[in-house]
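# Descriptive structure summary
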Amino acid sequence: MSRSKNRYDGIDRYVVSQVRYHARQMLRHRAMAGMEVEDIEQDLMLDYLSRIQAFDPEKSCRNTFIDRILRHKCAEMIKAATAQKRNGGIQAASLNSWLEDGDREDVPDGMTVWGGRSDLSHQEGMLIDVQNAINGLTEATRFYCVMLMQDLPIRTLCKIHDRHPSTVYEAMNRIRRDFDTRGLREYLH
């Protein structure tokens, strides 16, 4: 990770260190992939500068106030980035223009008249195939499959569900073999 080239002359060192710390932490979040640390720092610093006037020493410590401001802004930025990625580039197309002249020139390639992606039937088919494969697993293996879908580290799952790591890895191999026999290996990590 590269160091930030931003300079914050005249701003409290504690604030600068906290802004830099939170910016580096934000870069680790998958929703923030592709962002520059300098941009994140600037967003955090601007939010801090706009909110510090509301600080009331009677209510809390200054450091706590600063931490809450920065954490709140980080959560806001992650929420916005996640929402933007969730959109998936879906655009709406006007039905009136398509119905009037009968051609589909105004509908972008790869998009249906209704504004959805034309590859949805493939995704629905994939979802049905994976659901059938999961339903075909034994009850114990299905439990491990659901555990693994939680996207937690194996050690954490083992601790939560009181299982030994070798048991979970063995179940993972059974799930992989079953998906492989059904031709669904590509859907596994």
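Coordinates for the structure precede this section.
Residues numbered from 1 in each chain as written. Predicted model: local features only at pLDDT ≥ 70, side-chain atom pairs only at ≥ 80, totals over all residues. Heavy atoms only, no water.

### Let's talk about the overall build of the protein
Going by this rule: In this description a helix means any DSSP run of H or I spanning at least four residues, a strand means any run of E spanning at least two, and both kinds are numbered starting from the N terminus. Note on exposure labels: buried denotes an accessible area under 20% of the residue type's maximum, exposed denotes more than 50%, and partly exposed covers the range between, all computed with a 1.4 Å probe on protein chains only. We call two residues contacting when some pair of their heavy atoms lies within 4.5 Å. All accessible-area figures derive from a Shrake-Rupley calculation using a 1.4 Å probe, and residue coverage is judged against the displayed protein chains alone.
Along the protein, the regular secondary structure elements total eight helices and zero strands. Along the protein, helices and strands appear, N-terminal first, in the series α-α-α-α-α-α-α-α. Counting across all 189 residues of the protein, residues that qualify as buried make up 28%. Taking contacts inside the protein between residues at least 6 apart in sequence as the whole, the part at least 24 apart equals 49%. Accessible area for the protein stands at about 13500 Å²; split by element, carbon and sulfur atoms hold 50% of it.

### Observations regarding the packing of aromatic side chains
Geometrically, a pair of aromatic rings is defined through the distance of the ring centres and the angle of the planes. Note the cut-off: Centres within 6.5 Å are what make two rings of Phe, Tyr or Trp a pair, Trp counting through its six-membered ring; a difference in plane orientation under 30 degrees is then read as stacked, over 60 as edge-to-face, and the rest as tilted.
Overall, the coordinates contain one aromatic pair when judged by the stated rule. With centroids separated by 5.4 Å and ring planes inclined at 55 degrees, the aromatic side chains of Phe 55 and Phe 65 adopt a geometry described as tilted. One end of the pair, Phe 55, is in the loop between helix H2 (37-51) and helix H3 (62-87); the other, Phe 65, is in helix H3, with ten residues separating them in the sequence. Its relative accessible area of 23% is what places Phe 55 among the partly exposed residues.

### Notes on the packing of helix H1 (residues 13-27) against H2
Rules: Between N-to-C directions, angles span 0 to 180 degrees; the directions come from axes that are lines fitted to C-alpha atoms, helices contributing only their stretch in contact. Should an angle fall under 35 degrees it is called roughly parallel, over 145 degrees roughly antiparallel, and 65 to 115 degrees roughly perpendicular, with every other angle called oblique. Crossing handedness follows the turn of the near helix against the far one: under a right angle anticlockwise gives a left-handed crossing, and clockwise gives a right-handed one. Only Asp, Glu, Lys and Arg are considered charged in this grouping, and only Ala, Val, Leu, Ile, Met, Phe, Trp, Tyr, Cys and Pro are considered nonpolar; every other residue, Gly among them, is considered polar.
Between H1 and H2, the least distance of the axes is 9 Å, while the angle of their chain directions is 130 degrees. The pairing of H1 with H2 is recorded here as oblique in orientation. Relative to H2, the crossing made by H1 is right-handed. Together, Val 15, Val 16, Val 19, Arg 20, His 22, Ala 23, Arg 24, Met 26 and Leu 27 of H1 and Val 37, Ile 40, Glu 41, Leu 44, Met 45 and Tyr 48 of H2 make up the contact between the two elements. Looking at the contact of H1 with H2 residue by residue, the classes come out as eleven nonpolar, one polar and three charged.

### Digging into helix H8 (residues 165-181)
So the rule is basically this: Working rule for helices: expected span equals 1.5 Å times residues minus one. Taking the helix axis as origin, the arc is that swept by the directions to the C-beta atoms.
Taking 1.5 Å per residue, 17 residues should reach 24 Å; H8 reaches 25 Å between its end C-alpha atoms and fits that length. Residues of H8 that are buried include every one of Val 168, Ala 171, Met 172, Ile 175 and Phe 179, and no others. All buried residues of H8 project into a common sector of 105 degrees when viewed along the axis, lining one side. Opposite the packed face of H8, turned more than 90 degrees from it, sit the exposed residues Arg 177 and Thr 181. Gly 183 sits one or two residues past H8 and shows a positive phi near 75 degrees.

### Thoughts on the nonpolar core
Formally: Only buried residues count toward a nonpolar core, which is a set of Ala, Val, Leu, Ile, Met, Phe, Trp, Tyr and Cys residues joined through side-chain atoms within 4.5 Å.
Grouped together as the largest cluster of nonpolar side chains are 18 residues, with contacts concentrated most on Ile 40, Leu 44 and Met 45. When contributions to this core are tallied by element, the ones reaching two or more residues are H1, H2 and H3. Those residues in contact with Leu 44 that lie beyond four places of it in its chain are Val 19, His 22, Ala 23, Leu 70, Lys 73, Cys 74 and Met 77.

### Side note on the side chain of Lys 73
Examined against the element boundaries, Lys 73 turns out to sit in helix H3. What makes Lys 73 buried here is its relative accessible area of 17%. In contact with Lys 73, not counting residues within four places along its chain, are Asp 43, Leu 44 and Asp 47.

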